[in-house]
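The primary structure of each chain is shown beneath.
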Amino acid sequence: MRTAIANIGTIVTGHLDHPFADGDTIILDGERIHSVGTASASEVEACDVVIDAGRTTAIPGLIDSHVHVTFGDYTPRQQTVGFLESYLHGGVTAAISASEVHVPGRPRDAEGVKALAVAARKCFEHYRPGGMTVHAGSVILEPTLNGNDLGEIAKQGAWLAKAGFGAFGSAFEYTPLVAAARAHGMITTCHTGGSSIPGSGAITGDHLLAMKPHVSFHVNGGPTAMPDRDFERIIVEGDMALQVCTAGNLRTTLLCATLAQRHHAFDRLIVGTDTPTGSGIMPLGMLYTISHLASLAGVAPELCIAAATGSNARIYRLDAGVLAAGKAADVVLIDAPDGGTQDTALAAIRNGDIAAVGAVITAGEPRFVGRSRNTPATTRNVRVASCGIARDFSGARH
Ligand SMILES: [Zn+2]
């Protein structure tokens, strides 16, 4: 299937170094982007579906790098079905598991812990809720595991290792397992801030610098922040990614963004929601944090979008998150929300508004075109200009 997105007003690439692309057309071929920029009229007309973007703004699909998936499109924590499909209506085209820690009665023994990560990975390989890609399979590091266990499940596809929820006496004890997970090619992540499991204690700068995870999960607090002085330390003394999350401390999100810019480390700042949790289900969480960074920390909106797309993809080694030929065909059209004070999506974000989502395309297929269930309506009209296949893209549940 070929899809053309024509008449785009602005193309935001998701790449920090060159955040805009010239032109007004994107052509998708199957699950990959074929071209970004200009295309001949005949090339556009030959596509199976042509979307008239109505001069709205094209961005890469948002990648939420902190989602508490379990199995299926269901969250036990909030007992809600269909939350991932709802996130898709907030522009999220890929979710990365923050470990399947919310599975009721989750096991603690080595075999159970390993089986959970492998099963989660393999289930979501074959299941795309609403069209979203879910990268699951994050092993929860427990004292019952050793390096060989990690090698075994890495071979089975488990690719993430999470420190912070295990039954360790001190967070420093995670260090050998984090190193072992790294040696087996896994991406390692660590809870940051006040304890999320009663009695487990806070994880702060000293622990992170000793452990050396790839990603400081919710560096701004999940939801309780670490001491202010530790932010500059981990930015200057470490090289881990700094994940700011919607369901955390907003003041320290802004502190971290300001310090990351000051130390030329904004490429390490990535965005996630840390939901569903006790804070709830937040289908627009990614859009909120993008707006918070732009309107309160003074970061250019296109760079905030990059932190939520291309930077996440780079840290997690995903072939997505950037609008460029050959990348995953995940594209979102956004605009100034109807009835607001601003004229474009980027101006609205700078103003602190939530961008209106007008279309979401994943794996080259439009999932809805026209109106998101969750955002305000777009100012401009996004529509299907021609469709040569028997499909309805109006956004009805499927
Ligand atoms: Zn979390």
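Everything below is about the structure printed above this text.
Figured I'd write up the structure that's included with this text. Remember, predicted model here, so these are calculated numbers, not experimental data.

Thresholds, definitions, all that
- Residues numbered from 1 in each chain as written.
- Predicted model: local features only at pLDDT ≥ 70, side-chain atom pairs only at ≥ 80, totals over all residues.
- Heavy atoms only, no water.
- Helix = DSSP H or I, 4+ residues; strand = E, 2+ residues; numbered from the N terminus.
- Buried < 20%, exposed > 50% of the residue type's maximum accessible area, 1.4 Å probe, protein only.
- Contact = heavy atoms within 4.5 Å.
- Pairing = 2+ DSSP bridges.
- Axes fitted to C-alpha atoms, helices over the stretch in contact; angles between N-to-C directions.
- Salt bridge = Lys/Arg side-chain N within 4 Å of Asp/Glu carboxyl O.

Further remarks concern the overall build of the chain. Secondary structure summary: the chain contains 12 helices and 22 strands in total. By its C-alpha atoms, the chain is 65 × 40 × 35 Å across when sized along the principal axes. Expressed as a percentage of the 398 residues in the chain, the buried residues total 60%. Taking all contacts inside the chain whose residues are at least 6 apart in sequence as the whole, residues at least 24 apart take part in 74%.

The next point concerns the sheet that holds strand S2 (residues 10-12). Strand order in this open sheet of 6 strands is S3-S2-S7-S19-S20-S21, and the pairing throughout is mixed. Looking at which strands have only one partner, the edges of the open sheet turn out to be strand S3 (20-21) and strand S21 (365-369). Strand direction decides the pairing type here: S2 and strand S7 (residues 57-60), joined by 2 bridges, are parallel. Looking at S7, one finds that threonine 10 is bridged to threonine 57.

One open sheet holds the 5 strands; their spatial order is S5-S4-S1-S6-S22, and the pairing between them is mixed. In this open sheet, the two strands that pair with only one neighbour each are strand S5 (32-37) and strand S22 (383-387). Across the sheet, the axes of successive neighbouring strands diverge by a mean angle of 15°, strand direction being ignored. One ladder, built from 5 bridges, connects strand S4 (residues 25-29) with S5; its direction is antiparallel. Residue pairing for S5: isoleucine 26 is matched across the bridge by valine 36.

Let us look at the pattern of salt bridges. Tallied over the entire structure, the rule returns 20 salt bridges. Two residues, aspartate 52 and arginine 383, come together in a salt bridge whose shortest N-O distance is 3.4 Å. Taken together, the residues aspartate 52 in strand S6 (residues 49-52) and arginine 383 in strand S22 connect sequence positions 331 residues apart. Take aspartate 52: its relative accessible area is 17%, and that puts it in the buried class. Exposure remark for arginine 383: the relative accessible area of 40% places this residue in the partly exposed category. Here aspartate 228 ties to arginine 251 by a salt bridge, and the two come within 3.0 Å at their closest N and O atoms. Separated by 23 residues along the polypeptide, aspartate 228 in the loop between strand S16 (215-216) and helix H7 (229-237) and arginine 251 in helix H8 (residues 250-262) bring together distant segments of the chain.

Let's shift gears to unusual backbone geometry. Across the junction of glycine 222 and proline 223, the peptide omega takes the value 0°, indicating a cis bond. Position of proline 223 among the secondary structure elements: in the loop between S16 and H7. In the segment running from threonine 275 into proline 276, the intervening peptide bond is cis, with an omega of -15°. Structurally, proline 276 can be placed in the loop between strand S18 (269-272) and helix H9 (285-296). Even without being a glycine, serine 99 presents a positive backbone phi close to 90°. Its location among the elements puts serine 99 in the loop between strand S11 (92-97) and helix H3 (110-125). For lysine 212, which is not a glycine, the phi torsion comes out positive at approximately 55°. Within the secondary structure, lysine 212 sits in the loop between helix H6 (205-211) and S16.

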